[in-house]
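# Analysis of the macromolecular model
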Amino acid sequence: MIKKIDHLGIAVLDPARGLAIFSEALGLRLEQIEDIPSQKLRSYHLRAGESHLELLFPTDPDSTVAKFIEKKGAGFHH
């Protein structure tokens, strides 16, 4: 039985648009913005009850997330 989901990762092309959708439209609170140079991405953490949504924005076209978006489009990553 699943008792809790830590977080869901969503790959985005435009972090401002993603924040508008999840923060403004759904009322989720932005808690942290984190640059992760080793993964070539910027991560936006939004609180969703006891869980988090993590918006993943690639900062380099060679990053794993950028390649994911190129292949599958923006959306659920993990």
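Our structure's up above, just so we're on the same page.
The rules we used
Residues numbered from 1 in each chain as written. Predicted model: local features only at pLDDT ≥ 70, side-chain atom pairs only at ≥ 80, totals over all residues. Heavy atoms only, no water. Pairing = 2+ DSSP bridges. Helix = DSSP H or I, 4+ residues; strand = E, 2+ residues; numbered from the N terminus. Contact = heavy atoms within 4.5 Å. Axes fitted to C-alpha atoms, helices over the stretch in contact; angles between N-to-C directions. Core = buried A, V, L, I, M, F, W, Y, C linked by side-chain atoms within 4.5 Å. Buried < 20%, exposed > 50% of the residue type's maximum accessible area, 1.4 Å probe, protein only.

## Section: the sheet that holds strand β5 (residues 75-76)
With mixed pairing, 5 strands are arranged side by side in an open sheet as β2-β3-β4-β1-β5. Edge positions in the sheet fall to β2 (29-36) and β5, since each of these pairs with one other strand and no more. Contacts from helix α2 (residues 64-72) reach β1 (7-11), β3 (41-48), β4 (51-58) and β5, with the element oriented near 85 degrees to β4.

## Here we look at the nonpolar core
In terms of nonpolar packing, the biggest core is built from 10 residues, these being Ile10, Val12, Leu19, Phe22, Leu28, Tyr44, Leu46, Leu53, Leu55 and Phe57. Among the elements that make up this core, the one with the highest residue count is β4 (3 residues). The contact partners of Leu19, leaving out residues within four places of it in the chain, are Glu24, Leu30, Tyr44, Leu46 and Leu55. Counting residues in hydrophobic clusters, the runner-up holds 7 residues, among them Ile36, Leu56, Val65 and Ile69.

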